[in-house]
Amino acid sequence: ETTGLYPDSDEFIQIAAVRLRAGCLCPAENFFSFARPRQRISSFITSYTGISNDDVRDAPQPEEVLCGFARWAGASTLIAHNGLRFDGKFLAATCRRHSLPTREAQCIDSIHISKMLFGNTRGTGHSLDHVKSRLGLRDTSLRRHDARGDVDLLGRAVEEMSRRLCLDPSFNGVPRHATLLPW
């Protein structure tokens, strides 16, 4: 979750991830952290994400969180929904903004997996909410637009889409792109 839509001027305020091994979720292998941005979180972002300035008051700054996330991720391929156009750009911008030494990380945008399963006909939505509905996934107690809730939903969606598409554990045939992570 971020303070806004622009990687060059906004910062992330929360990161969550869960590991997939051989196409199966490993809920015990997860990463989560709030991040304290240098700007205040707007009331709009708080109403959208549920994350307030109080939530991040004692959190580490985004570049510290990103370094911890990079250590946790290791050489794994990252999967993010709209990761090509959003998440990856925030990761790279954070590295550049803070002059962090970087490495390339391979990423899969789960929108590509959705398009493989549901098609790309004009008007076919591939938002996470559309995917959730098409797959018949249930809500959990975790809030949407909170990184923990979104990563829980995304993990379950990727697991189910992978099963339906009979993808191999390495997601061969799914397009990849690169982003930057700190060393």
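Here, residues in each chain are numbered from 1, in the same order as that chain's written sequence. At least 70 in pLDDT is required for a residue's local features to be given in this predicted model, at least 80 for side-chain atom pairs to be given and counted, and no such filter applies to totals for whole chains, interfaces and linings, which use all residues. Only hydrogens and water are removed before side-chain values are computed, so all heavy atoms of the structure are retained for them.

**Observations concerning the packing of aromatic side chains**
Phase 1: Each pair of aromatic rings taken from Phe, Tyr and Trp, with Trp reduced to its six-membered ring, is defined by centres within 6.5 Å and is described as stacked if the planes are under 30 degrees apart, edge-to-face if over 60, and tilted in the remaining cases. If you walk through the whole model with that rule in mind, you get six aromatic pairs.
Phase 2: Taken together, a centroid distance of 5.6 Å and an interplanar angle of 70° make the contact between Phe 31 and Phe 69 edge-to-face. Here the residue Phe 31 occupies a position in strand β2 (residues 24-34), and Phe 69 occupies one in helix α3 (residues 62-73), the gap between them amounting to 38 residues. The exposure classification of Phe 31 matches that of Phe 69, with both residues buried.
Phase 3: Plain terms: the ring middles of Phe 32 and Phe 34 are 5.2 Å apart, the flat faces sit at 80° to each other, and that makes the pair edge-to-face.
Phase 4: Site record: aromatic cluster; members linked through ring pairs are Phe 31, Phe 69 and Trp 72. In this text, helices come from DSSP runs of H or I with a minimum length of four residues, and strands from runs of E with a minimum of two, each type numbered from the N-terminal end. Burial classification: accessible surface area is computed with a 1.4 Å probe over protein chains only, and a residue below 20% of its type maximum counts as buried, one above 50% as exposed, and the rest as partly exposed.

**Quick notes on the pattern of salt bridges**
Phase 1: Every case where a carboxyl oxygen of Asp or Glu lies within 4 Å of a side-chain nitrogen of Lys or Arg is listed as a salt bridge. All told, the structure shown has 12 salt bridges when counted by the stated rule.
Phase 2: Residue Glu 11 pairs with Arg 38 through a salt bridge whose shortest N-O separation is 3.2 Å. Residue Glu 11 is located in the segment before β1 (14-21), and its partner Arg 38 is located in the loop between β2 and α1 (43-49); the two are separated by 27 residues in the primary sequence.
Phase 3: Take Glu 11: its relative accessible area is 3%, and that puts it in the buried class.
Phase 4: Note that Arg 144 is salt-bridged to Asp 150, the shortest N-O span being 2.3 Å.
Phase 5: What makes Asp 150 buried here is its relative accessible area of 16%.
Phase 6: Where salt bridges share partners, they join Glu 11, Arg 38 and Glu 63 into one cluster.

**Comments concerning the sheet that holds strand β5 (residues 177-182)**
Phase 1: Strand order in the open sheet formed by three strands is β3-β4-β5, with mixed pairing between adjacent strands. Of all strands in the sheet, those bounded by a partner on one side alone are β3 (78-80) and β5. Geometrically, the sheet is characterised by an average inter-axis angle of 45° between neighbouring strands, direction not taken into account.
Phase 2: What makes two strands pair is DSSP finding at least two bridges between them. Across three bridges, β3 lies against strand β4 (residues 102-109) in parallel orientation. Looking at β4, one finds that Leu 78 is bridged to Cys 107.
Phase 3: Contact between two residues is taken to exist if any of their heavy atoms lie within 4.5 Å; hydrogens are not considered. What counts as an axis is a line fitted to C-alpha atoms, over the stretch in contact for a helix, and the angles between N-to-C directions run from 0 to 180 degrees. Against the sheet, α3 makes contact with β3, β4 and β5, and its axis sits at roughly 120° relative to β5, the strand it touches most.

**Quick word on the packing of helix α5 (residues 110-118) against helix α7 (residues 147-165)**
Phase 1: Viewed as axis vectors pointing N to C, α5 and α7 meet at an angle of 40°, and their least axial separation amounts to 10 Å. Of the possible angle classes, the one that applies to α5 and α7 is oblique. Crossing angle aside, the handedness with which α5 passes α7 is left-handed. Taken together, the residues of α7 that come into contact with α5 (itself represented by Ser 110, Ile 113, Ser 114, Met 116, Leu 117 and Phe 118) are Leu 154, Val 158, Met 161, Arg 164 and Leu 165.
Phase 2: Under the scheme applied, nonpolar residues are Ala, Val, Leu, Ile, Met, Phe, Trp, Tyr, Cys and Pro; charged residues are Asp, Glu, Lys and Arg; polar residues are all the others, including Gly. A class-by-class count of the residues in the contact of α5 with α7 yields eight nonpolar, two polar and one charged. Comment on the angle field: the value is read as roughly parallel under 35 degrees, roughly antiparallel over 145, roughly perpendicular from 65 to 115, and oblique elsewhere. Left-handed describes a crossing whose near helix is turned anticlockwise from the far helix by less than a right angle; the clockwise case is right-handed.

**Some details on the pairing of β4**
Phase 1: Handedness of a crossover: with both strands directed away from the viewer, a clockwise path from the first strand across the helix to the second marks it as right-handed. Viewed along the sheet, the connection from β3 through helix α4 (residues 83-97) into β4 turns out right-handed.
Phase 2: As paired elements, β4 and β5 share six bridges and run antiparallel to each other. Pairing of Arg 103 across the sheet is with Leu 181, part of β5.

**Remarks on a positive patch on the surface**
Phase 1: A cluster of basic side chains, namely Arg 85, Lys 89, Arg 96, Arg 97 and Lys 115, defines a positive patch on the protein surface.
Phase 2: No other element matches α4, which puts four residues into the positive patch.
Phase 3: Among the structural elements, Lys 115 can be located in helix α5. In this analysis, a patch consists of residues with relative accessible area above 30% that form no salt bridge, clustered at 9 Å for like charges and at 5 Å for the nonpolar side chains Val, Leu, Ile, Met, Phe, Trp and Tyr. Exposure was quantified through the Shrake-Rupley algorithm and a 1.4 Å probe, taking into account, for residues, occlusion by the shown protein chains and nothing else. The positive count covers Lys and Arg only, the negative count covers Asp and Glu only, and His and the chain ends enter neither. Here the site of a charge means atom NZ of a Lys, CZ of an Arg, CG of an Asp or CD of a Glu.

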